[in-house]
Amino acid sequence: NINEVHDGYKQAKKALEIAQINNENQHVFHFSAIGPISILLDARNPQELEDYANHILGTIYQYDIQKSAELLKTLYFYLYNECNLHKTARFLNLSIGGMRYRLANLKERFNIDMMNATTRREVQMALDIYVAFGKLSALLLNQVEEGLGD
């Protein structure tokens, strides 16, 4: 696919730019070594931002639409509540067992391990992009405002 070749070229170019900035003398510098910072290199390009968010959360987004599972909502408020299981469960009116089940489901089904700092950072960035692009409903934001009154 010609688009994949173009994307591969852009990734290689980004990796080369980072390697040059860091004065890396390695013969091979993997794009994946850049991590979530790679998205900031093209922050002027909204499509790249959306592609990044979809790469991290797209399958969960589709699952939520199909199953009404509210997993993105769970992730959003879990991060909003500083990854506090009990606080998030209260906020979402779930049992602790229900919260644990959702987090385990995210880990097993989508490889989203919220105990991993890098994963939390990537998920937070992707959720912020979804909110900015209107992909997460305004209901999320309304619930935040209501929760602030507690």
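Not measured: the values here are computed from a predicted model.

Comments concerning the packing of aromatic side chains
The final tally for this structure, using the stated rule, is six aromatic pairs. Each ring, one from Tyr-63 and one from Phe-110, has its centre 5.4 Å from the other, and the planes form 70°; the classification is edge-to-face. Residue Tyr-63 is found in helix H2 (residues 46-67), and its partner Phe-110 is found in helix H5 (residues 96-110); the two are separated by 47 residues along the sequence. Relative to Phe-91, the ring of Tyr-80 lies with its centre 5.9 Å away and its plane at 45°, an arrangement referred to as tilted. In this pair, Tyr-80 is assigned in helix H3 (residues 71-80) and Phe-91 in helix H4 (residues 85-92), connecting sequence segments 11 residues apart. Of the residues examined, Phe-91 reaches a relative accessible area of 15% and is grouped as buried. The rings of Tyr-76, Phe-77, Tyr-80 and Phe-91 are connected pair by pair, giving a single aromatic cluster. Of note, Lys-135 hangs over the ring of Tyr-61, and the distance from its end group to the ring centre comes to 4.7 Å.

A closer look at unusual backbone geometry
In this structure, Cys-83 is a non-glycine residue whose phi angle is positive, near 60°. Here Cys-83 is to be found in the loop between H3 and H4. For Asn-93, which is not a glycine, the phi torsion comes out positive at approximately 55°. Relative to the assigned elements, Asn-93 resides in the loop between H4 and H5.

Focus: the nonpolar core
Formed by 33 residues in total, the largest nonpolar core has its most connected members in Leu-57, Ile-60, Leu-72, Leu-75, Val-123 and Leu-127. Within the residue set of this core, elements represented by two or more residues are H2, H3, H4, H5 and helix H6 (117-132). The biggest single contributor to this core is H2, with eight residues. Setting aside residues up to four positions removed in sequence, Leu-127 forms contacts with Leu-57, Leu-72, Leu-75, Tyr-76, Leu-79 and Leu-136.

Comments concerning H3
With eight of its 10 residues buried, H3 lies for the most part within the structure. Residues of H3 that are buried: Leu-71, Leu-72, Thr-74, Leu-75, Tyr-76, Phe-77, Tyr-78 and Leu-79. Residue Glu-82 follows H3 closely and has a positive phi angle near 60°.

Focus: the packing of H4 against H5
The contact between H4 and H5 brings their axes to 9 Å, and the two run at 105°. Taken together, the axes of H4 and H5 lie roughly perpendicular to each other. Along its contact with H4, which presents Leu-85, His-86, Thr-88, Ala-89 and Leu-92, the element H5 presents Ile-96, Met-99, Arg-100 and Leu-103. Residue classes in the contact of H4 with H5 are distributed as six nonpolar, two polar and one charged.

Calculation notes
Every chain is numbered on its own, with residues counted from 1 as its sequence reads. Two thresholds apply to this predicted model, a pLDDT of at least 70 for residue-level local features and 80 or more for giving and counting side-chain atom pairs, whereas whole-chain, interface and lining totals are computed over all residues. Side-chain descriptors were evaluated using all non-hydrogen atoms of the structure, hydrogens and water having been removed beforehand. Planes of paired rings set the category: under 30 degrees apart is stacked, over 60 is edge-to-face and the rest tilted, where pairs are Phe, Tyr or Trp rings (Trp by its six-membered ring) whose centres lie within 6.5 Å. Helix and strand assignments follow DSSP, with helices taken as H or I runs no shorter than four residues and strands as E runs no shorter than two, numbered in order from the N terminus. Here the term buried applies to any residue with accessible area under 20% of the maximum for its type, exposed to any over 50%, and partly exposed to those in between, with areas from a 1.4 Å probe on protein chains only. Two conditions define a charge located above a ring, namely a distance within 6 Å from the ring centre to NZ of Lys or CZ of Arg, and an angle within 35 degrees of the ring normal. We define the nonpolar core as a collection of buried residues of types Ala, Val, Leu, Ile, Met, Phe, Trp, Tyr and Cys that are connected through side-chain atoms lying within 4.5 Å of one another. Working rule for contacts: check all heavy atoms of both residues, and any pair within 4.5 Å makes them a contact. Every axis corresponds to a line fitted to the C-alpha atoms, with the helix fit spanning only the stretch in contact, and the corresponding angles, defined between N-to-C directions, vary from 0 to 180 degrees. Geometric relationships in this document are graded by angle, where less than 35 degrees denotes roughly parallel, more than 145 denotes roughly antiparallel, 65 to 115 denotes roughly perpendicular, and other angles denote oblique. Under the scheme applied here, ten amino acids are nonpolar (Ala, Val, Leu, Ile, Met, Phe, Trp, Tyr, Cys and Pro), four are charged (Asp, Glu, Lys and Arg), and all others, including Gly, are polar.

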